[in-house]
Amino acid sequence: MKKTWWKILASVLVVYTAIAGLLLGVPRLAILNETIRNLYFHVPMWFAMIVLFSISVFYSIKSLSTKSEIDDMKAVESVNAGIIFGLLGLVTGAVWAKYTWGQFWSFDPKQNFAAISVLLYFAYLILRNAIDEEQKRAKISAIYNIFAFPMMVVLLFVLPRLKDSLHPGNGGNPGFNSYDLDSRMRMVFYPACLGWILIGYWVYTIRFRIRSIENKQQHN
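In the nomenclature of an unreviewed UniProt entry, the protein chain is known as Heme exporter protein C of Pedobacter soli. The Sequence similarities (unreviewed entry) comment attached to the protein chain in UniProt states, word for word, "Belongs to the CcmC/CycZ/HelC family." Heading Subcellular location (unreviewed entry) of the UniProt record for the protein chain holds this comment: "Membrane".

What follows is about unusual backbone geometry. A positive phi angle, close to 55°, is found at lysine 67, a residue other than glycine. Examined against the element boundaries, lysine 67 turns out to sit in the loop between α2 (39-66) and α3 (69-100). Phi angles above zero are rare outside glycine, and phenylalanine 107 is one such case at about 55°. In this structure, phenylalanine 107 sits in the loop between α3 and α4 (109-129).

Right, let's get into the packing of α4 against helix α5 (residues 134-158). Running from N to C, α4 and α5 point in directions that differ by 180°, and their axes come no closer than 10 Å. Taken together, the axis directions place α4 and α5 in an arrangement best described as roughly antiparallel. Seen from α4, the contacting residues are Phe113, Ala114, Ile116, Ser117, Leu120, Tyr121, Ala123, Tyr124, Leu127 and Arg128; seen from α5, they are Arg137, Ala138, Ile140, Ser141, Tyr144, Asn145, Ala148, Phe149, Met151, Met152, Leu155 and Leu156. Tallied by class, residues from the contact of α4 with α5 come to 17 nonpolar, three polar and two charged.

What counts and how
- Residues numbered from 1 in each chain as written.
- Predicted model: local features only at pLDDT ≥ 70, side-chain atom pairs only at ≥ 80, totals over all residues.
- Heavy atoms only, no water.
- UniProt positions renumbered as here; feature names shortened; annotations may be inferred.
- Helix = DSSP H or I, 4+ residues; strand = E, 2+ residues; numbered from the N terminus.
- Axes fitted to C-alpha atoms, helices over the stretch in contact; angles between N-to-C directions.
- Parallel < 35°, antiparallel > 145°, perpendicular 65-115°, else oblique.
- Contact = heavy atoms within 4.5 Å.
- Nonpolar A, V, L, I, M, F, W, Y, C, P; charged D, E, K, R; others polar.

Printed below as a string of structure tokens:
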């Protein structure tokens, strides 16, 4: 029970998010209307991705000093899990865009930079697959990961602010601030963020265990 309490919490929070997110009232905002409910799913995907990529860069830094195969595996599996949530973020964003902007992809700056940030980590996986020697692969991919993380932060949080965007808070669209994100939404949004982050971490731990088993079988 001590090892599974957070998994139970993650499941409860996500189920609560799905039910409360569809049933509880939301502010009636111009342009967004009922689509504002997607906030409970779209934004938490990005938070989960960022947390997983943070775990990855931590183990990449650690692996450079320890040269541990386990640290390297943790780095790559957290990237694998993070990419899943990055893709979910893009998909939920595209669906939201269809119902608010009229098309799935409008080449909005935030859409473009978000897609590039996910591609950065696809490049990380491609780089790993291109190198056969284990120690060399671990070292080069760790260095790449250390540089990719701040680039991802700039792409998601800095560059989009330099251009007009259709996203909430830009270009005259209402933003999710103290006036728009009312108490009803906070009751769902914050648990949603925590729940999806925990689910993301759960996916990462499962992938790491599977990779560990595969490595043991290969060495035997």
